[in-house]
Amino acid sequence: MEGRVIPEPQRTYLLELLHALGPAADDFVVAGAQAMKFVVDNARGTKDVDFLLNVVALRKEPVQLAPLFEKLGYAPVPESRNFQFEKAIPGSADKMRIEFMAPEEYKREKDFRVDIQEGVHARACTGGSIALAQSDLHAISGNLPSGTPCTAQVRVTQPQALVMLKLLALADRYNNIRGTKEARHDREEAQTHAADTLAIVRAVPDIRKFNDKFLPQFLLEPQLGIHVLRILADFFRNTAAAGLIVYTEYLAANLPAEKATAEALRRETETAQRIVGQILPVPEFFALAAAVEDSSEMKKGAPYVEEYLAALEGARIPISDPLALQSLPAGAFSGAYKPGATFVMNASEPLEKVSDAQRNLLLACLQRKLQELRSNEELRRKFPNTLKV
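Cut-off values and rules
- Residues numbered from 1 in each chain as written.
- Predicted model: local features only at pLDDT ≥ 70, side-chain atom pairs only at ≥ 80, totals over all residues.
- Heavy atoms only, no water.
- Helix = DSSP H or I, 4+ residues; strand = E, 2+ residues; numbered from the N terminus.
- Salt bridge = Lys/Arg side-chain N within 4 Å of Asp/Glu carboxyl O.
- Buried < 20%, exposed > 50% of the residue type's maximum accessible area, 1.4 Å probe, protein only.
- Pairing = 2+ DSSP bridges.
- Phe/Tyr/Trp six-rings, centres within 6.5 Å; stacked < 30°, edge-to-face > 60°.

### What about unusual backbone geometry?
In most cases, non-glycine residues show a negative phi, while peptide bonds are predominantly trans.
Turning to step 1, where the next piece is worked out: The linkage connecting E8 with the following residue, P9, adopts the cis geometry, with an omega of 5 degrees.
Turning to step 2, where the next piece is worked out: Note that P9 resides in the segment before α1 (10–21).
Turning to step 3, where the next piece is worked out: Within the chain, R81 stands out as a residue other than glycine whose phi angle is a positive 50 degrees.
Turning to step 4, where the next piece is worked out: With respect to the helices and strands, R81 occurs in the loop between β3 (75–76) and β4 (84–88).

Right, here's the structure in full:
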C-alpha cells in the first residue's frame, strides 16, 4: 500500500524525518494508529506518529538524534521528558508529533523509560521486540517541506504484531491500572483498542495466513504469547465478554443516532465476535497452558512439579524432548476445564485438538519453564536425566 495512507501535512514531515535519518531510519518502526493505515482502509484518523525503536542499533548509531531533531525544529514535549517531540507545521494549526517506544527489556530498573541516546528516551513497550521483528518495508512518496519530490522506505509493524499490541493495550486500559482519576479516559481508550483489534482482523485478506504468523511470532517469548491469547479469549470469547462490550460502546458513540439502535448494535457485535473468533485458540489450548503452569511454576507453588519431573525422569525424557508436553500429569487437568466440561485423564486428548502452531507455542513455554527449574540444585540431583545440563 502506497504512502498516500499517511495524510498531509504529516506525510511531508514524516518524509523529512526519514530523509534526515538516512540509514538510521531502518531502526524506526511505525506502530499504533498510523501503522493501521497500511492495513485497514479508511482507518481512524490520527496525527501523531508512534515509532518503536531498535535500541541496540540506535545506541551504536553515529547519527545523534537529539541534535537532528532540534535541527528539524522539534522540541521535547515538556511533560514527556524526551520520549515525545513535536514541532509546529508552517501555515497550519497542526503540529507534527512523534512518540517513541522501545522493548521493555531495555527499560531502567525502576522506571518505565528506555534510554536511547543522550536527550532521547522511549516508553517501555511489552512485546516491543516482537513488533520490531514483525515489521516490513513500505514505500511512501510525496514532497519534502522544500517542495522537492521524495520517496522513502519506512518500516511498519505487521498486522499480527499490531493485534498483539492492541490486545495488551486493551487489557491495560480496561483494567484501569492507572487509578480512578483516569477511569473515564481509560474506558474510552479501551473502546478504541477493541475497535482497532476488530478492524485489523476484519481487514485481513487471508485469515489462515494471518494465523500462520500470529502464534509463531511468540516462540521466543512464549509466556507473553499465552498471556496475549488469554486476553484474546477473555475479551472476545462471546458477545458478553469485556472486549465486545466496550466495542459496542464504541459503536454506540460513533454511529449516527438513527443507526445506533439496539438491534443494529446486537447484529454488529455478533458479527464482530464471529470475525475475531477465527483467531481464538480452542479451549483445549488453555487447558494445556494451565496444566503447563501447574507442572512447572515451582516459585508460584505449582502443585505437580515433582510428580511431573519424576514421571519424566522415570521415562528418561529430557526437558528438551517434545514428548515432555505429552507427559503432563493427569492431576494438572482436574481444574483446567470449566465446570461441565469433559474430564481429561491426560494430555493426549487435548493435544489432538490443538493446531501445530498452538502445540509449538505450548512446547516452547514448557521448555522455557523447565529450563528455569534447572537452576534448582536439589531438583537437578533428584532428576539428573530430565534436568541434565
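So that's the structure; there's more coming.
### So, the pattern of salt bridges
Turning to step 1, where the next piece is worked out: What the rule picks out here adds up to 25 salt bridges.
Turning to step 2, where the next piece is worked out: Where E263 meets R266, a salt bridge forms, and the shortest distance between an N and an O atom there is 2.5 Å. Separated by 3 residues within a single helix, E263 and R266 lie in helix α11 (residues 262–276), roughly one turn from each other.
Turning to step 3, where the next piece is worked out: A relative accessible area of 37% means that E263 is categorised as partly exposed.
Turning to step 4, where the next piece is worked out: For R266, a relative accessible area of 38% translates into the label partly exposed.

### Some points on the environment of V204
Turning to step 1, where the next piece is worked out: Relative to the elements of secondary structure, V204 occurs in the loop between α7 (183–203) and α8 (207–214).
Turning to step 2, where the next piece is worked out: Judged by its relative accessible area of 16%, V204 falls in the buried class.
Turning to step 3, where the next piece is worked out: Remark: the alpha-carbon pair of V204 and I140, spanning 64 residues in sequence, is separated by 21 Å.

### A few points about the pairing of strand β1 (residues 28–31)
Turning to step 1, where the next piece is worked out: With burial as the criterion, each face of β1 is covered, one bearing F28 and V30 and the other bearing V29 and A31.
Turning to step 2, where the next piece is worked out: Bridge analysis of β1 against strand β2 (residues 49–53) gives 4 bridges, and the strand direction is antiparallel. If you follow F28 over to β2, its bridge partner there is L53.
Turning to step 3, where the next piece is worked out: Strand direction decides the pairing type here: β1 and strand β9 (residues 149–157), joined by 2 bridges, are parallel. Within β9, the position partnered with V29 by the bridge is R155.

### A short note on the packing of aromatic side chains
Turning to step 1, where the next piece is worked out: Counted by the stated rule, this structure contains 12 aromatic pairs.
Turning to step 2, where the next piece is worked out: For the pair F69 and Y74, a centre-to-centre distance of 6.2 Å together with 65 degrees between the ring planes defines the contact as edge-to-face. Pair check on accessibility: F69 and Y74 agree, each one buried.
Turning to step 3, where the next piece is worked out: Centroid distance F85 to F100: 5.9 Å. Interplanar angle 45 degrees. Geometry classified as tilted. Here F100 lies in strand β5 (residues 95–103) and F85 lies in strand β4, a separation of 15 residues in the sequence.

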